[in-house]
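# An overview of the molecular structure
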Amino acid sequence: MSRHAAARETSQLDRRLEALNSATELASGVLPEEILAGVLQVLDRASSRRSLSGDHTVVGFFGATGSGKSSLFNAVSGEEIATAAVRRPTTTEPLAGIWGVQGSDALLDWLEVRKRHAAAPIKGFADDDTGLILLDLPDFDSTRAANREIVQRMVGLVDVLVWVLDPQKYADAAVHNDFLAPLSSHGAVTIVVLNQIDRLPEHEVRPVLESLTAILARDGLGKVQVLGASAVLGTGVDKVRAAIRQVAMQRKAMSQRLAADVTLAAARLAEASGLPTGGTTAAGGGTAAGATAAAKARLAGELAAAANVPLVVDAVARSYRLEATRRTGWPVTRWLARFRPDPLRRLNLRREGAKPELNRTSLPPAGAPEQARTDAAVREFAEAASAGAPG
Ligand SMILES: Nc1nc2c(ncn2[C@@H]2O[C@H](COP(=O)(O)OP(=O)(O)O)[C@@H](O)[C@H]2O)c(=O)[nH]1
Ligand SMILES: [Mg+2]
């Protein structure tokens, strides 16, 4: 991605965060507290993450107990950084493998990752300026609540989510219902790995990958990358590495993740406020019908009537006819016309040398009916013009 495109993406994220902030302010006191708290958390996280290193991409390995997160973390890193466990206890604390150590401390402090390992450069994958941070994480289905909490928090913080599944448990409801489907808006920063493919008979690898792809499509992650791998044999590990490398090198995962958070938060706000979600009307995207020519004409007509314009028009017409008769008519009618009062003069609208600021017209003043008629006309116009716009 060019520097230019990256800047554009950043300013677009700026605008969306600002809009989400305004929406939250408008909704304060109107929508339920817990919805607003969730959105504020998104805004808060976004500003924290953006104030920290934008040159680092944080990639977390998530999955069920024994799926092979630690083993895959090691295989991708090319080092035995993490302890993969044949027996329990397993990973209880996040562990970071870092390429490009400079400037990642504050970011890791914010992530609350204490165990940090400066990893050796891997040719063609990551060297000192890749700015890549891999995180080995506890199991999302851990029996320890503290571990599950860490995972929940990390799911909300990392830039890229790598889900490590295995052939036994890849279809388990827990991972799909609790994590993948709710984060379907995060497809651009999600990679799914089916690990332990060495445990499957070769002819079953493809059907299982296809079945997993189909389940992910139902989660709303139809476009996500699905890779088969064996952390133990090393099969497919290059592809996992390449996928991670590509995301890190583009330097836009952070913005994409935060953008996905904004999308999700905006959808929740829209849902809570009873607006249709999805499609163009979600998140304030509705288009007002606008002021049609017919509505404008109706409004003008009503305002004119309330301001006595027809009365004046009528008086002008009659005055003109009278004047014409006086000047050009048959002498008898011309003579009679002299005794007819000028309708305009009667309205006090035709006094020679009249000063408008001193002389009031004799038009009837606007009373309650005219006021009501004006109000109704303006209301009707506003309603017609804003039809279809979100609340
Ligand atoms: N056959 C096979 N075993 C694996 C694979 N990956 C991990 N394992 C084994 O599965 C067990 C759990 O692995 P670990 O990496 O600790 O899983 P974690 O709990 O997800 O971190 C260990 O005994 C690993 O050796 C794999 O790709 N194939
Ligand atoms: Mg582990």
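For the structure, check the block above.
Residues numbered from 1 in each chain as written. Chains lettered and ligands numbered in written order. Predicted model: local features only at pLDDT ≥ 70, side-chain atom pairs only at ≥ 80, totals over all residues. Heavy atoms only, no water.

### What to know about the overall build of the chain
Counting its regular elements, the chain contains 14 helices and seven strands. Taking 21 Å as the expected radius of gyration for a compact globule of 391 residues, we find that the chain reaches 36 Å, considerably beyond that expectation. Reported as C-alpha extents along the three principal axes, the dimensions of the chain are approximately 120 × 45 × 40 Å. Counting only residues that meet the buried cut, the chain has 39% of its 391 residues in that class. Across the chain, the fraction of contacts at a sequence separation of at least 24, relative to all contacts at a separation of at least 6, is 72%. (Helix = DSSP H or I, 4+ residues; strand = E, 2+ residues; numbered from the N terminus. Rg over C-alpha atoms; globule rule 2.2 N^0.38 Å. Buried < 20%, exposed > 50% of the residue type's maximum accessible area, 1.4 Å probe, protein only. Contact = heavy atoms within 4.5 Å.)

### Details of the site of ligand 1
Neighbouring ligand 1 are 18 residues; G68, K69, S71, D198 and A231 lie closest to it. In the environment of ligand 1, an oxygen atom lies 3.4 Å from a nitrogen or oxygen atom belonging to the backbone of S67. S71 has a polar side-chain atom sitting 2.6 Å from an oxygen atom of ligand 1. For ligand 1, the protein covers 87% of the area, taking 570 Å² as the surface of the free molecule. Looking at the shell around ligand 1, its residues break down into six nonpolar, eight polar and four charged. (Near = heavy atom within 4 Å. Polar contact = N/O pair within 3.5 Å; in protein donor to acceptor, adjacent residues only side chain to side chain. Areas by Shrake-Rupley, 256 points an atom, 1.4 Å probe, with all protein chains shown as cover. Nonpolar A, V, L, I, M, F, W, Y, C, P; charged D, E, K, R; others polar.)

### A word on unusual backbone geometry
A negative phi angle is the norm for most residues apart from glycine, just as the trans form is the norm for most peptide bonds. The phi dihedral of E112 is positive, around 60 degrees, even though this residue is not glycine. Relative to the assigned elements, E112 resides in the loop between α4 (105-111) and β3 (115-118). You can call E112 partly exposed: its relative accessible area is 45%. A positive phi angle is found at R251, which is not glycine, with a value near 60 degrees. Among the secondary structure elements, R251 is positioned in the loop between α8 (237-250) and α9 (253-272). Assessed through its relative accessible area of 33%, R251 is described here as partly exposed.

### Structural notes on empty space enclosed by the protein
Per the stated rule, a full pass over the model turns up two cavities of 30 Å³ or more. Lining the largest cavity we find A295, R298, L299, E302, A377, E380 and F381. If you list the elements that add at least two residues to the lining of the largest cavity, you get α10 (293-306) and α14 (368-386). Top contributing element to the lining of the largest cavity by residue count: α10, with four residues. Partitioning the lining of the largest cavity into residue classes produces four nonpolar, no polar and three charged. Considered as a void within the structure, the second largest cavity measures approximately 40 Å³ in volume. (1 Å grid on protein atoms, 1.4 Å probe; cavity = no way out; pocket = protein on both sides within 12 Å on 5 of 7 lines; lining within 4 Å. Points joined across faces, edges and corners; volume = space filled by probe spheres on them.)

### Side note on the side chain of D159
Residue placement: D159 occurs in the loop between α5 (145-157) and β5 (160-165). Judged by its relative accessible area of 1%, D159 falls in the buried class. Of the polar contacts made by the side chain of D159, one reaches the backbone nitrogen of V58; its length is 2.9 Å. Setting aside residues up to four positions removed in sequence, D159 forms contacts with R49, H56, T57, V58, V189, A253, M254 and R257.

### Observations concerning the pairing of strand β6 (residues 190-194)
Extensive coverage of β6 is indicated by the burial of five of its five residues. Side chains of β6 alternate between two faces, with T190, V192 and L194 and I191 and V193 buried alike. Looking at chain direction, β5 and β6 are connected through five bridges and run parallel. When the sheet's bridge partners are listed, L165 is paired in β6 with L194. On the question of chirality, the crossover connecting β5 to the parallel β6 by way of helix α6 (residues 173-180) is right-handed. With four bridges connecting them, β6 and strand β7 (residues 225-228) associate as parallel partners. Residue V193 lies in a different strand from β7, and its bridge partner there is L227. (Pairing = 2+ DSSP bridges. Right-handed = clockwise from strand over helix to strand, strands pointing away.)

### Here we look at the packing of helix α2 (residues 33-51) against α9
Running from N to C, α2 and α9 point in directions that differ by 165 degrees, and their axes come no closer than 10 Å. It follows from the interaxial angle that α2 and α9 lie roughly antiparallel. Like other packed secondary-structure pairs, α2 and α9 cross with a definite hand, here left-handed. Between α2, through I35, L36, V39, V42, R45, A46, R49 and R50, and α9, the contact on the second element is made entirely by M254, L258, D261, V262, A265, R268, L269 and A272. For the contact of α2 with α9, a count of residues per class yields 11 nonpolar, no polar and five charged. (Axes fitted to C-alpha atoms, helices over the stretch in contact; angles between N-to-C directions. Parallel < 35°, antiparallel > 145°, perpendicular 65-115°, else oblique. Left-handed = near helix turned anticlockwise from the far one by under 90°.)

### Notes on the sheet that holds β7
Pairing in this open sheet of seven strands is mixed, and the strands run β3-β2-β4-β1-β5-β6-β7 from one edge to the other. Every other strand in the sheet has two partners, leaving β3 and β7 as the edge strands with one partner each. The mean angle between the axes of side-by-side strands here comes to 20 degrees, regardless of whether they run parallel or antiparallel. Bridge count for strand β1 (residues 57-63) against strand β4 (residues 132-136) is five bridges, and the pairing is parallel. Residue V58 lies in a different strand from β4, and its bridge partner there is I133.

### Regarding the pattern of salt bridges
Any two side chains of opposite charge can pair, on the condition that their charged atoms come close. Throughout the structure, instances matching the rule amount to 14 salt bridges. The residue R257 makes a salt bridge to D261 at a minimum N-O spacing of 3.0 Å. Of the two residues, R257 and D261 are both situated in helix α9; the distance of four residues between them amounts to about one turn of the helix. A relative accessible area of 4% places D261 in the buried class. (Salt bridge = Lys/Arg side-chain N within 4 Å of Asp/Glu carboxyl O.)

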